[in-house]
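A look at the structure
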Amino acid sequence: MKKNIFYLHLICLCLFIIPHNVFCQSTEKEPTNETYLIKNADFETGTMDGWKHWRTRYSSIVKDAYSGNYAVKIGPERAFCNQEFKVKGNALYQLSAFVKTESGAEEIQMIISNYGGAAKSVTSSLTAYSKVTLDFQTAYSIDTMMISFVHPSGAGSAYVDQIELLY
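Parameters and conventions
Per chain, residues are indexed from 1 in the order of the written sequence. Only residues with pLDDT of at least 70 get local features here, since the model is predicted, and only at 80 or more are side-chain atom pairs given and counted; chain-wide, interface and lining totals rely on the full set of residues. Just so you know, side-chain values use all the structure's heavy atoms and leave hydrogens and water out. Strands pair, by our definition, only if DSSP identifies at least two bridges between them. What counts as a helix is a DSSP run of H or I of at least four residues, what counts as a strand is a run of E of at least two, and both are numbered from the N terminus. Here, axes are lines fitted to C-alpha atoms. For helices the fit covers the stretch in contact, and angles between N-to-C directions go from 0 to 180 degrees. Note on exposure labels: buried denotes an accessible area under 20% of the residue type's maximum, exposed denotes more than 50%, and partly exposed covers the range between, all computed with a 1.4 Å probe on protein chains only. By salt bridge we mean one thing: a side-chain nitrogen of Lys or Arg within 4 Å of a carboxyl oxygen of Asp or Glu.

**Topic: the sheet that holds strand β2 (residues 71-74)**
- One open sheet accounts for five strands, arranged β1-β2-β9-β4-β7; its pairing is antiparallel. Edge strands, defined here as strands with exactly one partner in the open sheet, are β1 (59-62) and β7 (130-137). Between one strand axis and the next, the sheet turns through 35 degrees on average, direction left out of account.
- Where strand β4 (residues 92-101) meets β7, eight bridges bridge the pair, whose relative direction is antiparallel. Among the inter-strand pairings, V99 is bridged to a residue of β7, identified as S130.

Here you go:
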């Protein structure tokens, strides 16, 4: 009996002496910036290099940037630009961009697709640059996906700059 009490006291003493965080491990990792996977993600080439603007002539590079010298202008009317790029399979990503519209009555959409899940989108109608973000997980067998920026309609235009991909 005395032996059991001795061990009980010893265990209690150890609980006070050993720092409490010794047994805890953080499972969160610092996000890795993988923006380099998106060609011309900040539009600083001054060209549409890497971006497609199928069925529309309304996507162009302008000097109305959130950061740096250039951004892409999408519109007027229905217009879009998109890019397919490589990603890792079964990975958690966060995609963000700074967007704005000329008129709060119009919108700009950031859409992700072909990543192994249903297409996801986020929309903004703000007239000052604001950050939009989408979180998603790629499927096991996926190695590429598509990002699109769409100005659905209206006489004004929308702007996109500083796209970022975190893993």
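**Some thoughts on the pairing of β4**
- By the criterion of burial, β4 is predominantly enclosed, with eight of the 10 residues buried.
- Across seven bridges, the pairing between β4 and strand β9 (residues 158-166) is antiparallel. By the bridge assignment for β9, V99 is matched with V160.

**A look at the sheet that holds strand β6 (residues 120-124)**
- Within the open sheet, the four strands sit side by side as β3-β8-β5-β6. Their pairing is antiparallel. The two strands at the open ends of the sheet, each matched to only one other strand, are β3 (79-86) and β6. The sheet shows a mean angle of 15 degrees between the axes of neighbouring strands, taken without regard to direction.
- One ladder, built from eight bridges, connects β3 with strand β8 (residues 144-151); its direction is antiparallel. The residue of β8 that forms the bridge with K86 is T144.

**Looking at the pattern of salt bridges**
- Within the structure shown, the criterion is met by three salt bridges.
- Between K39 and D49 there is a salt bridge, with the nearest N and O atoms lying 3.5 Å from each other. Remark: D49 occurs in the loop between α1 (2-17) and β1 and K39 occurs in the loop between α1 and β1; sequence separation between them is 10 residues.
- Note that D64 is salt-bridged to K100, the shortest N-O span being 3.1 Å. One end of the pair, D64, is in the loop between β1 and β2; the other, K100, is in strand β4, and 36 residues separate them in sequence.

Everything listed is a geometric property; what it means functionally is a separate question.
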